[in-house]
Amino acid sequence: MFSEKSKRQRAYEDVDDAESTEDLLEHSEKDASNRSLRRNNSSGKTQWIVISLLLFATSILSASIGLFVGRTWLLNLDRLSIRHTSQYSPIVHDGTVAYDWIRFNGSLLRSNTFREDAGPAVDAAWKSLGADFRAVRIPADLAEKSGLASDQVKVKQEYGGGYPAHVEGLHHLHCLNLLRKSLAWNFDYYQKQGLGPFSNDGTILKHHVTHCLDILRQQLMCTVDVGVLGQVWYEPPGKPLQAFVDFNTRHKCRNFENIRDWAEVHQLPEHPPKDFLEEPKEGDRIWHTVP
């Protein structure tokens, strides 16, 4: 009897052990599953944090690069503009050109020194602009880029080499100054002096003046100003109200003083040696008429 009861007891006990084992396995699996879910959740959160940090860092980096590029672009805008719109020259190479806003003095009736009748004061004013500066030296390695041909006039190597050349903008001022001197109310004064262009006979002087006139025409057409001239209301004493053109307009101008100073510093000697220039080589073009 005891043996049979013991067997039954052991059978029940065995059954209980099996159920307990199953329960343990079930709980173990649930715990493992929960741990896996927690790990997955934790891993997912970590990934989102990493992605968020990467996106934030990328945004900061992109903004920094954008600011740097934008600042650099703005700083180089003057140089980009001059290179895009003008013939290259050492003035551009040296970074001399800058831009600034200037309001023109376009008054019709209020004069200034540059508009005065012929005399020492107005001559000094125009001379101060560099209208009579001598040629400058263009280094040989910048000549072709500056639009100079290899067979154009050169300075001997023993005197520094390079090419003699005039800054075109200052030549334009020379031409404008000659037109001023040739005005009807100024002409006699300068003809009596007999200096510069006025030392030539009438025919050559006429060619010189009309050359200057046409050079300025071409320059003004080449760089035609697309600004507009508005009108203001003007009421002269004792006369009706009328519209009058306002010539005092704002312009984005190259810094003239910088260019003038560069040209002054780079002038060739006032009294060069007789053998200052290099003789033309075989094959160099020699003109037989004035170009």
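Thresholds applied
- Residues numbered from 1 in each chain as written.
- Predicted model: local features only at pLDDT ≥ 70, side-chain atom pairs only at ≥ 80, totals over all residues.
- Heavy atoms only, no water.
- Salt bridge = Lys/Arg side-chain N within 4 Å of Asp/Glu carboxyl O.
- Helix = DSSP H or I, 4+ residues; strand = E, 2+ residues; numbered from the N terminus.
- Disulfide = S-S within 2.5 Å.
- Buried < 20%, exposed > 50% of the residue type's maximum accessible area, 1.4 Å probe, protein only.
- Contact = heavy atoms within 4.5 Å.
- Patch = residues over 30% accessible without salt bridge, like charges linked within 9 Å, V, L, I, M, F, W, Y side chains within 5 Å.
- Areas by Shrake-Rupley, 256 points an atom, 1.4 Å probe, with all protein chains shown as cover.
- Core = buried A, V, L, I, M, F, W, Y, C linked by side-chain atoms within 4.5 Å.

1. Some thoughts on the pattern of salt bridges
Throughout the structure, instances matching the rule amount to seven salt bridges. The partner of Arg260 in a salt bridge is Asp261, with the nearest N and O atoms 3.0 Å apart. As a salt-bridge pair, Arg260 and Glu264 come within 2.9 Å of each other at their nearest N and O atoms. Of this pair, Arg260 and Glu264 both sit in helix α9 (residues 256-265), four residues apart, which is roughly one turn of that helix.

2. Here's the deal with the state of the cysteines
Evaluated as defined, the whole model comprises one disulfide. The residue that forms a disulfide with Cys175 is Cys212, at a sulfur-sulfur distance of 2.3 Å. Between Cys175 and Cys212, the disulfide has an S-S torsion of -65 degrees and is therefore left-handed. With Cys175 in helix α6 (residues 168-181) and Cys212 in helix α8 (residues 202-222), this pair connects stretches of sequence that are 37 residues apart. Like Cys175, the residue Cys212 is buried in the burial classification.

3. With respect to the environment of Phe256
By the secondary structure assignment, Phe256 is in helix α9. Its relative accessible area of 29% is what places Phe256 among the partly exposed residues. Residues Phe256 and Tyr99, 157 residues apart in the sequence, show an inter-C-alpha distance of 9.1 Å. Here Phe256 is in contact with Leu129, Leu170 and Leu173, once residues within four sequence places are set aside.

4. Digging into a nonpolar patch on the surface
A cluster of nonpolar side chains, Leu108, Leu109, Leu229, Val232, Tyr234, Phe244 and Phe247, forms an exposed patch at the surface whose accessible area comes to about 670 Å². Position of Tyr234 relative to the elements: it lies in strand β4 (residues 231-234).

5. A word on the nonpolar core
Of all hydrophobic cores here, the largest spans 32 residues; its most connected members are Val167 and Ala263. At the level of elements, α3 (90-93), α4 (120-127), β2 (136-138), α5 (140-143), β3 (163-165), α6, α8 and α9 are the ones that each hand at least two residues to this core. In terms of residues, this core owes the most to one element, α6, which gives five residues. Excluding residues within four positions of it along the chain, Val167 makes contact with Ile91, Val136, Ile259, Trp262 and Ala263.

6. Description of the environment of Lys145
You can see Lys145 is positioned in the loop between α5 and β3. When the C-alpha atoms of Lys145 and Gln87 are compared, they prove to be 8.6 Å apart, with 58 residues separating the residues in sequence. Not counting residues within four places of it along the chain, the set of residues in contact with Lys145 comprises Arg83, Gln87 and Tyr88.

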